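# Observations on the three-dimensional arrangement
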Amino acid sequence: MLNRILLVLIVFGFGFTLNPQPRIVTEKFFPDVQKEFNTPAFKKKRGFTNYEELIAYLNQLQQANSALMEIKYIGNSQKGMAIPMVVLTDKNAKDPIRVWMQGGLHGDEPASTEGMLHLIGEVLREPEMLQRLQIAVVPMANIDGYVKQDRYAANGLDLNRDQTKLMAPESVYLKQAFSDFRAEVAVDFHEYRPYRRDFVHYNRAGVTSLFDVMFLYSGNLNIPEELRNYTNDVFVHAARKTLDASGMRHHDYFTTADYHGDVHLNQGSVQSRSSATSYALSNCISSLIEVRGVGIGRTSFKRRVFCTYEVARSYLRTAYDQHDELRSVLARSEKARREVIVKSSRKVLNRNVAFIDLDTYTEVELPMVVHDGFHCIPKLSRSLPVAYALDANLKYIRTLVGKLKTLGVEVSILKDPKQVKIEKYIPTYLKRESASYEKVHRMDIRTRIERADTLLPAGTFLVHMNQKNAGLAAEVLEPEGPNSFISFGLLTPRLAPGRVLPYYRIIEN
Ligand SMILES: [Zn+2]
């Protein structure tokens, strides 16, 4: 009992000053690796690479490798710090696969940033990879958060819940850079918190996470099945093997969630507001990597950076080896869409999950209820429209069109008036949530669909669904979708029951 009270105090009372991890757990389960790293954090005893050190490190590498490395600044953080993106290119490469890698989207996950810095150095040391790959790396995505070792951006937003509403300036710059790069493989590196409030209730003294690395890849049903499976069977699979070879433990990513008072596990990714799903919906191989690290200071820091690097390297190697096959999978996926899934739910199953018991310091298996996001069940689906048509006369439509373009969705303008068959959305139920989530009051909406023949005026904005990022367009435009523009309150003032929404589904030209 005393242990448990202590753990609660440590995790929630003095979380920022005390490391909750007993030394025996580190020594037994997470001994540091015997590797040398030349990145800035390893040149000092305390703290992590700061912004100035990061820029100096990148500049130094760039000067020594100016033929292969370019540094671009994609925008400024809210506090005015320029966000660097490194692009590694061999100009003689023929049709390279474009790989996007990113660290530090959450500011308190420093191994992700350090791992990206090490990766850049290693790719440049042996640049053969660049014969088939072009690599963009954003090592410190959320600079203001990182400077304070805080998860959030300066305005308090979680940048990994902001990938469809795009309310933080950093989200806009990062997404625009991502869309412009047209990534075919994207990996977002994070660290996760191994001591959680919910874990305190298990066994006598609570438990902590066992896994060095957890993989988050999307089960969102608007991502074509072949792409979902290929990501898991080929890319994640190869990374798992790499970790096995160096004795690192891994698992699919889960987090705890409250289901009517019971603690269950949510496993996998389904929400397009987060990067793993958002990237995959851009017709891209996508994973989010979680390394065990938040809240434990510099404990096992080499091991964490090593894991980050090993997984990054594995994704690069797989992309290199799979060059042609990857291209065919992406080409087929782009054309595979048959319908739009507006709402889905996770499959629920019972499964034993391994943890470290904090009383005996041994591995234990606990029976858990798992809501598996890799196996979703559709709850509301609609036919695939030819296009969505957005009424150009409404001022705020410009904001939506701007966001669509940032998301990499192609928006065209109707030149001449055109007679089409459409489906209109008529809200039948609207409820604005009283609690705020990520600085917005979300909208719970239901609609009924009404068909009509209509003359679309010239100037109407069109989002055709035979395009690369069509899945992302459906996620933000189908009103009931949990990450839609309407769900996130972007159109709230215009909504009323019975009042037709200002955009339509074109079902026949
Ligand atoms: Zn994170």
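None of these values were measured; they are calculated from a predicted model. (Residues numbered from 1 in each chain as written. Predicted model: local features only at pLDDT ≥ 70, side-chain atom pairs only at ≥ 80, totals over all residues. Heavy atoms only, no water.)

### Focus on helix α10 (residues 323–335)
The line we're drawing: Working definition: helices are DSSP H or I runs of at least four residues, strands are E runs of at least two. Numbering for both runs from the N terminus. How far a helix is expected to stretch is found by multiplying one less than its residue total by 1.5 Å. For each residue, the accessible area found with a 1.4 Å probe, counting protein chains only, is set against the maximum for its type, and the residue is called buried under 20%, exposed over 50%, and partly exposed in between. This arc is taken over the directions from the axis of the helix to the C-beta atoms.
Taking 1.5 Å as the rise per residue, α10 with 13 residues should run 18 Å; its terminal C-alpha atoms sit 19 Å apart, in good agreement. Looking at α10, one finds that the buried residues are H323, L326, V329, L330 and S333. For α10, the arc enclosing every buried residue in end-on projection is 130°, short of the 170-degree limit, so these residues lie on one face. Opposite its buried face, α10 presents the exposed residues D324 and K335, each directed more than 90 degrees away.

### Describing the domain arrangement of the protein chain
This is how it is decided: Residue ranges assigned to the domains are those given by an automatic or database domain assignment. Whether two residues are in contact is decided by their heavy atoms: any pair within 4.5 Å suffices. A simple way to read buried area is as the amount of 1.4 Å-probe accessible surface that goes missing from two parts once joined, with both sides added. A pairing counts as a salt bridge when a side-chain nitrogen of Lys or Arg comes within 4 Å of a carboxyl oxygen of Asp or Glu. Under this definition, polar contacts are N or O atom pairs within 3.5 Å; protein pairs additionally need one hydrogen-donor-capable and one acceptor-capable atom, and for neighbouring residues in sequence, both atoms have to be side-chain atoms. Charged means Asp, Glu, Lys or Arg here, nonpolar means Ala, Val, Leu, Ile, Met, Phe, Trp, Tyr, Cys or Pro, and polar covers whatever is left, Gly included.
With domains assigned, the protein chain is organised as domain 1 (20–341) and domain 2 (384–508). Look at where the C-alpha atoms of domain 1 and domain 2 centre, and you get two points 31 Å apart. Contacts between the two partners involve 30 residues from domain 1, matched on the other side by 28 residues from domain 2. Here domain 1 and domain 2 share an interface that buries about 2500 Å² over both sides, 55% of which is from carbon and sulfur atoms. At the junction of domain 1 and domain 2, the tally comes to zero salt bridges. Put simply, domain 1 and domain 2 have 15 residue pairs in polar contact (both at pLDDT 80 or more) between them. Elements with a contribution of two residues or more to the side of domain 1 that touches domain 2: α6 (169–181) and β12 (339–357). At four residues, the largest contribution of residues to the side of domain 1 that touches domain 2 is made by α6. The class makeup of the residues in the side of domain 1 that touches domain 2 is seven nonpolar, 13 polar and ten charged.

### Some details on empty space enclosed by the protein
Convention followed: Definitions used throughout: a 1 Å grid over protein atoms alone; a cavity as a set of points that fits a 1.4 Å probe which cannot get out; a pocket as an open set with protein on both sides within 12 Å along at least five of seven lines; a lining residue as one with an atom within 4 Å of a point. Grid points are joined across faces, edges and corners, and a volume is the space filled by probe spheres set on the points.
Per the stated rule, a full pass over the model turns up seven cavities of 30 Å³ or more. As a volume, the largest cavity reaches approximately 90 Å³. Lining the largest cavity, in full, are W100, Q102, L105, L159, D162, Q163, L166, S171, L174, K175, F178 and Y279. Residue assignment for the lining of the largest cavity shows that the elements contributing at least two residues are β3 (97–103) and α6. Of the residues forming the lining of the largest cavity, the biggest block, four residues, is contributed by α6. Taken together, the residues of the lining of the largest cavity sort by class into seven nonpolar, three polar and two charged.

### Some remarks on the coordination of the zinc ion
For the record, the criterion: Coordination here is defined by N, O and S atoms within 2.8 Å of the metal (3.2 Å for Na, K and Ca), and since water is not considered, a site can look incomplete. The rule is simple: four donors are tetrahedral if all their angles sit between 85 and 135 degrees, four are square planar and six octahedral if opposite donors span more than 155 degrees and the others lie between 65 and 115, and anything that fits none of that is irregular.
Taken together, H106 (ND1), E109 (OE), E109 (OE) and H190 (ND1) make up the full set of protein donors to the zinc ion, lying 2.0 to 2.4 Å away. Because the angles between the four donor atoms bound to the zinc ion fall within 58 to 146°, the donor set is best described as irregular. All donor residues of the zinc ion come from one chain, and their arrangement in sequence is H-x2-E-x80-H. Placement of H106 in the loop between β3 and α4 (110–125) and of H190 in strand β5 (residues 185–192) is noted, with a sequence separation of 84 residues between them.

### Description of the pairing of strand β4 (residues 133–138)
Stated precisely, the cut-off is as follows: In short, DSSP must find at least two bridges between two strands for them to pair. We call a crossover right-handed when, viewed with the strands running away from us, the connection from the first strand over the helix to the second turns clockwise.
Of all six residues in β4, six are buried; the element is thus mostly enclosed. Of the two faces of β4, both are covered, the one formed by L133, I135 and V137 as well as the one formed by Q134, A136 and V138. Two strands pair when backbone bridges link them, and strand β2 (residues 82–88) and β4 are joined in this way by three bridges, in the antiparallel orientation. Directly across from L88, in β4, lies its bridge partner I135. Sheet topology note: the β3/β4 ladder contains six bridges and is parallel. Of the residues in β4, the one forming a bridge with W100 is A136. Crossover β3 to β4 through α4 is right-handed.

### Structural notes on the nonpolar core
Let me state the cut-off plainly: Only buried residues count toward a nonpolar core. Its members are Ala, Val, Leu, Ile, Met, Phe, Trp, Tyr and Cys residues joined through side-chain atoms within 4.5 Å.
Counting 119 residues, the largest nonpolar core has W100, M101, V185, F215 and Y315 as the members making the most contacts within it. Per element, the largest residue contribution to this core is ten residues, and it comes from helix α9 (residues 301–321). By size, the runner-up hydrophobic cluster in this structure holds 29 residues, among which are Y192, F211, M214 and L288.

### Regarding the side chain of E310
Short version of the rule: Here the positive residues are Lys and Arg and the negative ones are Asp and Glu; neither His nor the chain ends is included.
Structurally, E310 is set in helix α9. Within the buried core, E310 has no salt-bridge partner, and the shortest N-O distance to an opposite charge, that of R317, equals 6.0 Å. If sequence neighbours within four positions are ignored, E310 has contacts with T242 and S246.

### With respect to the environment of R327
The topology assignment puts R327 in helix α10. R327 sits 40 residues away from P367 along the chain, and the two C-alpha atoms are 40 Å apart. Not counting the four nearest positions on each side in its chain, R327 is found in contact with D95, P96, I97, R98 and E184. A polar atom in the side chain of R327 sits 3.0 Å from the backbone oxygen of P96.

### Digging into the layout of surface pockets
In this structure, the second largest pocket spans a volume of roughly 560 Å³. Lining of the second largest pocket is provided by 23 residues; of these, Q271, K343, E480, P482 and N483 occupy positions nearest its centre. For the lining of the second largest pocket, the secondary structure elements donating two or more residues are β12 and β17 (443–456). Looking at the lining of the second largest pocket, the element that brings in the most residues is β12, giving six residues. Along the lines of polarity and charge, the residues of the lining of the second largest pocket split into eight nonpolar, seven polar and eight charged.

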